[in-house]
Amino acid sequence: MTRVLLIEDDTAVQKGVTLALRRRGHEIEVAGSGEAGLPALQRFEPELVLLDLMLPGMSGLEVCRRIREERQVPIIILSARGDDIDMVVGLEAGADDYVVKPASGEVLEARMRAVLRRVVPQRATAEGDVDAGAVSAPQVETQVETHGALAIDRAGLLVSKAGAEVVLAPSELKLLLFLSAAPGQVFSRQQLLEQVWEHSFYGDARLVDACVMRLRAKIEDDPRSPSYVQTVRGFGYRFGPL
Amino acid sequence: MTAIPRPPRRLAGWVAQRWGLRPRLVVGFLVVAVLSALLTATVTFRQARGAILERSQEAAVNDLRTQVDSLGPDLVVPPQEEDLRDFALRLEQAGGSHPWRVSVSYADGPIIPGPPKGEQGSALASLRAAVGDRRSTVYQRVDRDGDPRLVIAMPVDFADGGTPSGVVVYADMSLSDERDDIAALVTAAQVGAVPALVLALVPALIAARRVLLPVRRLQEAAERITSGELDTRLPVSGSDELADLTRTFNTMAAALESSDTELRRMEANARRFAADVSHELRTPLSAMTAVTGVLDEEVERLDPDTADAVQLISQETAKLARMVEDLMEISRFDAGAAALQLDEVDVATAVRKTLRLRGWDDQVEAELPEGLRARLDPRRIDVVLANLISNALRHGGAPVRLRAWAEGGRLLIDVADDGPGIDPEALPHVFDRFYKADAARARSEGSGLGLAIAMENTRLHHGTLTAANAPEGGAVFTVSLPVDPDEGGGREGAPDGAGRRDGSDGPADPGGMSGGPM
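Predicted model, so just to flag it, every value in this text is computed and none were measured.

(A) Just the overall build of chain B, in detail. Within chain B, the regular secondary structure consists of 12 helices and 11 strands. Scored against the burial criterion, the 518 residues of chain B give a buried share of 38%. The contacts of chain B with a sequence gap of at least 6 include a subset with a gap of at least 24, amounting to 65%. Split by element, the accessible area of chain B, about 28700 Å² in all, is 57% carbon and sulfur.

(B) Main features of the side chain of Glu145(A). Residue and element names in this part refer to chain A. Along the chain, Glu145 turns up in strand 6 (residues 144-147). At 2.9 Å, the side chain of Glu145 and the side chain of His147 are in polar contact. Those residues in contact with Glu145 that sit more than four places away from it in its chain are Leu150, Ala151, Ile152, Arg154 and Ser180.

(C) Representation of helix 7 (residues 170-180) of chain A. With 11 of its 11 residues buried, helix 7 of chain A lies for the most part within the structure. Pro170(A), Ser171(A), Glu172(A), Leu173(A), Lys174(A), Leu175(A), Leu176(A), Leu177(A), Phe178(A), Leu179(A) and Ser180(A) are the residues of helix 7 of chain A that are buried.

(D) Local environment of helix 8 (residues 189-196) of chain A. Residue and element names in this part refer to chain A. Most of helix 8 sits out of view: six of its eight residues are buried. Of all the positions in helix 8, only Arg189, Gln190, Leu192, Leu193, Gln195 and Val196 are classed as buried. Once helix 8 finishes, Glu198 follows within two positions and takes phi at roughly 60°, a positive value.

(E) View of a positive patch on the surface. All names here are of chain B. Positive charge collects at one region of the surface, where Arg22, Arg209, Arg216 and Arg217 lie side by side. The greatest single-element share of the positive patch, amounting to three residues, is contributed by helix 5 (residues 176-226). Inspection of the secondary structure puts Arg217 in helix 5. Its relative accessible area of 40% is what places Arg217 among the partly exposed residues.

(F) Molecular detail of the sheet that holds strand 1 (residues 3-7) of chain A. Residue and element names in this part refer to chain A. Across the sheet, five strands lie side by side as 2-1-3-4-5; this open sheet has parallel pairing. Taken across any chain shown, the strands that pair with only one partner, and hence form the sheet edges, are strand 2 (27-31) and strand 5 (97-100). Taking each pair of neighbouring strands and ignoring which way they run, the sheet shows an average axis angle of 20°. In terms of strand pairing, strand 3 (residues 48-51) meets strand 4 (residues 75-79) through three bridges, oriented parallel. Directly across from Val49, in strand 4, lies its bridge partner Ile75. In the packing of helix 2 (residues 34-44) onto the sheet, the strands contacted are strand 1, strand 2 and strand 3, and the crossing angle to strand 1 comes to about 165°.

(G) The packing of helix 7 of chain A against helix 9 (residues 206-219) of chain A, seen in detail. All names here are of chain A. Direction vectors running N to C along helix 7 and helix 9 enclose 85°, while the axes themselves pass 9 Å from each other. Viewed along their axes, helix 7 and helix 9 adopt a mutual orientation that is roughly perpendicular. Across the interface between the two elements, Ser171, Glu172, Leu175 and Leu176 of helix 7 pack against Cys211, Val212, Arg214, Leu215, Lys218 and Ile219 of helix 9. Among the residues making up the contact of helix 7 with helix 9, the classes are represented as six nonpolar, one polar and three charged.

What counts as what
- Residues numbered from 1 in each chain as written.
- Chains lettered and ligands numbered in written order.
- Predicted model: local features only at pLDDT ≥ 70, side-chain atom pairs only at ≥ 80, totals over all residues.
- Heavy atoms only, no water.
- Helix = DSSP H or I, 4+ residues; strand = E, 2+ residues; numbered from the N terminus.
- Buried < 20%, exposed > 50% of the residue type's maximum accessible area, 1.4 Å probe, protein only.
- Contact = heavy atoms within 4.5 Å.
- Areas by Shrake-Rupley, 256 points an atom, 1.4 Å probe, with all protein chains shown as cover.
- Polar contact = N/O pair within 3.5 Å; in protein donor to acceptor, adjacent residues only side chain to side chain.
- Patch = residues over 30% accessible without salt bridge, like charges linked within 9 Å, V, L, I, M, F, W, Y side chains within 5 Å.
- Salt bridge = Lys/Arg side-chain N within 4 Å of Asp/Glu carboxyl O.
- Lys, Arg positive; Asp, Glu negative; His and termini not counted.
- Charge placed at Lys NZ, Arg CZ, Asp CG, Glu CD.
- Pairing = 2+ DSSP bridges.
- Axes fitted to C-alpha atoms, helices over the stretch in contact; angles between N-to-C directions.
- Parallel < 35°, antiparallel > 145°, perpendicular 65-115°, else oblique.
- Nonpolar A, V, L, I, M, F, W, Y, C, P; charged D, E, K, R; others polar.

Now the structure itself:
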C-alpha cells in the first residue's frame, strides 16, 4: 500500500485515478489545485505525488519546484501534454517520471512501483521478482564507496560531497547509484531508461538527459565540464573515469 | 510590308527560335543603321556626282566658248582644210587647264583632223547630227577603255547677228580627275560607314539593355516566385508597356501571396483543430482509461449482457485512446515539434526487442544480421516497425517476414506478408492519413494513421518508406535509412521523402527474400 497524493483539477480524472489506485490497495488523497496540494503534503505525508501540470492558479511546474525544495518524495507528472518540450520542462522542475494521459491503471501502477523502488534492481536479477533487487542490493554492498570527492553509501542511500550531504531526488539517486556501480562503463540512454526508470517500452530519452542535468547540477564542480557523469557522444553516459 | 514572302518568315521563325532577344534586337538595330547609311550615302553620292560632272562640263563648255569666240573671227569663210586644221591646232593649244583634243568640221565636210576609230568616232558622228538639228552646243560622256571622257560639239556663229557659220568645233577631254574625285567620295563614304556602324552598335546595345533589363528582372522575379518567395515585388518605373507588365506582375504576385497565406492559414487552422480536439479528448479519456482495468476485473461477476456491454466499453476506450495518441503524434509532426533522439544501436537487438515487447516473436520470421549498428532514434524506429508489422499481420496474417541488411551506407528493412497484396490503384495512397484501401472493411483495428506515422518517422530520419507488391504476391514495405542521419542526411537523404512514391528501391529482390534461411 502506498500513500499517494493526487494533485489534479479535473474531477473525472480525480475519480478515475482514485478508483483505479484504491482498487490496487493504495491510499489516495486528492487535491484540486497546487494551493491545496502543498498543505496536504504536510498533513498527509504521501509516499508519492501524482501531479497534473495544467492546474488553475499555481502551475504544476511551480508546485513541482516547491515540493522538490523541501522533500525527496517521488513525483510523477501525469499530463495531457505529451510534447517533448513539456516533458523536458517538467523533468527539469524536478519530477522523477512523466506519464502522458490517458494512462491505464496498470501503467500508473508500474510507473509508481518503479519510482518507489529505492534501489535499482541489479541487472542479473532484473528479470526476477521485482522486490528481490531491493532486498538483495543492501546485503551485497554495505561499505561506503568514494569516487573523488563523492562518497556514496549504498546501504544508507546517502551521497555526500566533500563531507557535505547532497540531497538527491529519487530518480537522481538511482541514476547515480546505477552508473557508479560500474565506473567507466558506457550506458545508452535506452539502457538507462530500462534499468533506472523501468520503462519496458521505448521511452523518451530526454527523461535521461533531464535527470543527468539535474544530477550534474548537484554533484559536479562545473556542470558544464562534468567529471562524474560524463557524456559519451553518440553512445550515452558513463560514471568517470575521474 | 503586309505581304512578307514565305521564306523570310520561316527564317524569322528560325531566328526567333535560335537566338535570344538581345542579339535579335542588336541585329535589327544594325540592319536599320546599315540601310539608312546606305540610303543616305547613295543619295549623297548621286547628288555629289551629278554636281561635280555638271560643274566640269559647264566649265569646259564655257572655256571652249571663250576660246572659240576669241579665235573664231580669224577664221576665213568658207575655210579651206588648212584653215580648219590650223584653227583646231590653235584651239587645242589654248586649252591650258583643259588638255583637250580639238577637231573641226565645216558644213558637210569631213571632221579635221580625222576622228579616231571606234566609239569615239560614232559619238562624234551622233553629236554632229545633234548639232545639225539643234544648232546649239551639245555634249556627251563616253567611256574609252575605262577612261571617262567628255565630248563637246559647239557650232561657231558669226560675230554679227549670230548666224551659223557652218563650222562646228569638237572638243574631247578626259574626266579622269572628276572620276578620281568621285572615287574619293565613295571611299570616304565607305570609310565613314564602318565607324558609323560600330558607333551604331553602342546605342543598339544600350537600347537592348534598356529593354532587356526589365525583362530579365521580370524573369528573375518569376523564378523567385516559382521557388516559393511569394513576397517578391518589382519596382515600377516609367509608364511604358514594360512598366505595365511589371505592374501586372506585381498584382499577380500579390494575389498569389494572399491566396497562399489564406491556404496556409486554413491548413494551420485545420491542424490546430485536430491537435486541440485530440488534446481535449485526452482528459475525459484518461478518466475512462484509468477505470477500464476496474471494469475488466468485474466482468466475471456480471450477468452476460452487462458483461458484454462493459467489455465493449473497455475495449473501445482503449481503441479510442490509441487513436487519440496517434492523432497527437501526427499533430506533433505537423507542428514540426517532432525531434530525433539519435542513439547508436544494434539493429538486430532493437528489432528483436520490438518483436518481444509486443509478443510477435512467433508471428514474425526475422532475418537479422549480427553486428549491424546504426545511429537512429530507437523509439521512432520501434514505432515504424510496429506499425508496419501490425499492418502486415492484419492484412496478410502470420507469418510476416522481416529482413534487415546494410547496403551502400544505408540500412534497409523489409516487412513482407503473404496477404492479397495492395491494389495497384491504392498503392500511391497507402501512406495517406485515414486511407482505407477496402471501403467494406472501413473500420479496421488500426487508427488509420499507422502508416502515415511510420512515414513521418522515417522521413525524420532522412529515410524513405516505400510500399510495393512482391512478384510472388503479398505486400512489401521497405524502410531505407541512412546509417548515420547526421552524415547521410545531407548526402543522399531524400528531403521530404522525394522517393515517397518512387517504387524503384521499394521491393526487395525476391530471390533474396525466398533464398534466405527463413
